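Spelled out, the chains give:
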Amino acid sequence: MLVVSVAALLVGCGSTNQAARSTLDPPTGGFNLISVAHQVGLPVAATLAAIPADNPQTPDKVALGAKLFFDRRLSLDGTVACGSCHNPARAFSDGRTASVGVKGRVGQRNAPTILNTLYSKTLFWDGRATTLEEQAVLPILNPSEMGQANLDAAAAAIANDGEYRSAFQKVFGRPLNGPDLARAIASYERSEIAFASPFDESANGNARAISDSARRGWALFSTKARCNSCHAVEDTTPDRTFFTDQSFHNIGVGIDRHNVVTLACEAQARFNTRNVLAIDRAAIQTDMSALGSFLVTKQPADIATFKTPSLRNVLVTAPYFHDGSARTLWDVVDHYNKGGMNNPWLDEKIRPLGLSETEIDDLVAFLASLTSAQFREQGAKALAVQREIARASRPERDNARAFGPKPTRPDPALACAPKT
Ligand code: HEC
Ligand code: HEC
């Protein structure tokens, strides 16, 4: 009974129309009633709870949203769609260090996946949006992403397409408009759910679904490697579903490449705003990006803190971290093993781990086991590529620090010049 109602709510877009020339190819073999309902590991109650009452899922709305998500016409010059940076073939990421928008403009941040974002309490690396509806508007308006002057301009760009006009009328019972455009996209995103990984099979009782190495990695995850202290709903109970605490931490990524004290002072003086559009521009287009959720809260304790991402399908979404600075999962684990990068706001949970090479390989094998069935092929390729890169170069490896003592944090002296 429950399964039926989940299917009814989530309905995917197995029958998306042939892509028009202005659109990218939507995912093939996308979700349909059966594949969504039957994914091993799918959290039924949380999924039902993630559908907002004021924007229920319907098959027509999801199909409309899918079409919009892959439509380049929504951008200023008709070159960039949501799907350009959230490419289904790469588990809805773009493989770049930082994303490239209209007119070749390069942003500051790495594109996260949109898979399973229906469960996220906040969106973006710094949490500056709280709903998918609210989120969808920002890339359309960001000059380094889709570059539209306002949401109406995006709606106007498709307003003479008769198919869209009748689809909006049918789905929302009123003429095509900007807010409904965002609602349809959000609804499509909520249909992109990905569980059914070898790890889920294994948790479901099929012990042979993952390797011994991945099993050892999962054991390390909640013990010696301490990953569960952030990549779990609560650090006392193993989390086999979400792999995130939905919270923000400074783990020292990029902290050595920016003078965050100067940036924070500048942000406080020049930019004391809660205007989400202004924050969006600072995050995507300026060095202040390195300040993380400080941009949102203006609290010194949040300097260079970023949202703990889920780890599902992470093998397919390289490079890693908010700035795309880690090329492989080995680089990520090396970063944690040496205790991150020390700085005044480094999370207390980050410390040298003393992991051996075998233990590092085991953690990578575990992370690889979180690849959903639909990305199995891409995952196998990505693992081979990353293994080659890691064999040749491990820039984050630092055994002296990994096996050394926890260093003391420098004082968080945030002494800004007085405002004049
Ligand atoms: C030019 C590339 C680009 C385009 C186009 C783009 N995005 Fe993104 N997207 C990103 C980047 C980069 C981030 C991370 C930005 C940040 O956190 O500051 C992001 C973040 C997101 C997130 C938050 C994910 C999370 O886990 O917090 C969602 C959802 C999302 N985008 C959906 C969309 C939608 C919907 C569109 C189209 C309306 C779109 N994106 C267009 C690059 C892009
Ligand atoms: C103190 C909290 C914390 C701990 C402990 C922690 N993480 Fe993270 N993790 C984060 C945050 C926050 C980010 C994003 C940081 C950024 O981009 O600046 C992250 C990012 C990642 C990423 C990159 C994901 C992506 O999509 O780019 C991977 C992989 C990862 N962590 C795995 C691990 C593993 C494995 C461990 C244990 C060895 C671990 N984490 C321990 C908080 C933590």
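Summarised in this report is the structure supplied together with it. Per chain, residues are indexed from 1 in the order of the written sequence. The order in which chains are written sets their letters, starting at A; the order in which ligands are written sets their numbers, starting at 1. Only residues with pLDDT of at least 70 get local features here, since the model is predicted, and only at 80 or more are side-chain atom pairs given and counted; chain-wide, interface and lining totals rely on the full set of residues. Side-chain measures were taken over the full set of non-hydrogen atoms in the model, leaving aside hydrogen atoms and water.

## A short note on the site of ligand 1
Short version of the rule: If a single non-hydrogen atom of a residue is within 4 Å of a molecule or strand, that residue counts as near it. Under this definition, polar contacts are N or O atom pairs within 3.5 Å; protein pairs additionally need one hydrogen-donor-capable and one acceptor-capable atom, and for neighbouring residues in sequence, both atoms have to be side-chain atoms. Secondary structure elements are defined from DSSP: runs of H or I of at least 4 residues count as helices, runs of E of at least 2 residues count as strands, and each element is numbered from the N terminus.
Neighbouring ligand 1 are 31 residues, the closest being Cys-82, Cys-85, His-86, Phe-124 and Trp-125. Note that an oxygen atom of ligand 1 is positioned 2.8 Å from one of the backbone N or O atoms of Trp-125. With respect to ligand 1, the side chain of Gln-135 contributes an N or O atom lying 3.2 Å from a nitrogen atom. For the shell around ligand 1, the secondary-structure elements that each account for two or more residues are α5 (82-85), α6 (132-141) and α9 (178-191). A total of five residues in the shell around ligand 1 trace back to one element, the largest contributor, which is α6.

## Points about the side chain of Thr-117
Definition in use: Every residue pair with non-hydrogen atoms within 4.5 Å of one another is taken to be in contact.
Here Thr-117 shows up in the loop between α5 and α6. Filtering out sequence-adjacent residues up to four positions away, Thr-117 remains in contact with Leu-123 and Leu-132.

## Comments concerning the environment of Val-106
Selection criterion: Buried, partly exposed and exposed residues are distinguished by accessible area as a fraction of the type maximum, computed with a 1.4 Å probe on protein chains only: under 20%, between the cut-offs, and over 50%, respectively.
Within the secondary structure, Val-106 sits in the loop between α5 and α6. For Val-106, a relative accessible area of 54% translates into the label exposed. Each C-alpha atom of the pair Val-106 and Ile-284 lies 8.7 Å from the other, and the pair is 178 residues apart in sequence. With near-sequence residues (within four places) excluded, Val-106 lies in contact with Ala-98, Ser-99 and Val-100.

## Regarding the nonpolar core
Note the cut-off: The definition of a nonpolar core used throughout is a set of buried Ala, Val, Leu, Ile, Met, Phe, Trp, Tyr and Cys residues joined through side-chain atoms within 4.5 Å.
Counting residues in hydrophobic clusters, the biggest one holds 35 residues, and the most contacted among them are Leu-68, Phe-69, Leu-74, Ile-158, Phe-168, Leu-181 and Ile-185. When residues of this core are traced back to their parent elements, those giving at least two are α4 (59-69), α6, α7 (151-157), α8 (162-172) and α9. Setting aside anything within four residues of it in sequence, one finds Phe-168 in contact with Leu-64, Leu-68, Ile-158, Gly-173, Arg-174, Leu-176, Asn-177, Asp-180 and Leu-181. Of all hydrophobic cores here, the second largest spans 32 residues; its members include Phe-221, Val-333, Leu-353 and Leu-370.

## A word on the packing of aromatic side chains
Aromatic ring pairs are reported here in terms of the distance separating the ring centres and the angle at which the planes meet. This is how the line gets drawn: Pairing of aromatic rings covers Phe, Tyr and Trp, the last through its six-membered ring, and needs centres within 6.5 Å; plane angles under 30 degrees mean stacked, over 60 mean edge-to-face, and all others mean tilted. Think of it as a cone above the ring: NZ of Lys or CZ of Arg counts as a charge over the ring if it is within 6 Å of the ring centre and within 35 degrees of the ring normal.
Inspection of the entire model under this criterion finds 17 aromatic pairs. Considering the side-chain rings of Phe-199 and Phe-243, the 5.8 Å spacing of their centres and the 70 degrees angle between planes classify their relative orientation as edge-to-face. Within this pair, whereas Phe-199 is found in helix α10 (residues 198-203), its partner Phe-243 is found in the loop between α11 (212-221) and β1 (248-249), the two being separated by 44 residues in sequence. Accessibility assignment for this pair places Phe-199 and Phe-243 in one class, buried. Members of the aromatic cluster, joined through ring pairs, are Phe-199, Trp-218, Phe-221, Phe-243 and Phe-366. Looking at Lys-67, its charged tip hangs above the ring of Tyr-164, at a distance of 4.3 Å from the centre. Directly above the aromatic system of Phe-124 lies the positively charged group of Arg-128, at a separation of 3.6 Å from the ring centroid.

## Some details on the side chain of Thr-244
Along the chain, the position of Thr-244 falls in the loop between α11 and β1. Reaching out from Thr-244, the side chain makes a polar contact with the backbone nitrogen of Gln-246 at a distance of 2.8 Å. Apart from residues no more than four positions distant in its own chain, Thr-244 is found in contact with Cys-230, His-231, Ala-232, Val-233, Asp-239, Thr-308, Pro-309 and Ser-310.

## Description of unusual backbone geometry
Here the residue pair Ala-318 and Pro-319 is connected by a cis peptide bond, since its omega of -5 degrees sits within 30 degrees of zero. Inspection of the secondary structure assignment puts Pro-319 in the loop between β2 (306-307) and α15 (329-337). Its identity as a non-glycine residue notwithstanding, Ala-91 has a phi of 50 degrees, on the positive side. Secondary-structure assignment places Ala-91 in the loop between α5 and α6. Backbone geometry places Asn-313, a non-glycine residue, at a positive phi of 60 degrees. Tracing the backbone shows Asn-313 in the loop between β2 and α15.

## Digging into the environment of Lys-298
Take Lys-298: it is sitting in the loop between α14 (294-297) and β2. Since its relative accessible area comes to 9%, Lys-298 is described here as buried. Residues Lys-298 and Ala-264 lie 34 residues apart in sequence; the distance between their C-alpha atoms is 8.5 Å. Here the side chain of Lys-298 touches Leu-295 through a polar contact of 2.5 Å, landing on its backbone oxygen.

## Points about the pattern of salt bridges
Selection rule: Salt-bridge detection follows one rule: a side-chain nitrogen of Lys or Arg within 4 Å of a carboxyl oxygen of Asp or Glu.
On inspection of all chains with the given rule, the structure shows 24 salt bridges. Here Arg-174 and Asp-180 are joined by a salt bridge, their closest N and O atoms 2.7 Å apart. For Asp-180, a relative accessible area of 0% translates into the label buried. What you see here is one network of salt bridges that share partners, running through Arg-109, Asp-126, Arg-128 and Asp-280.

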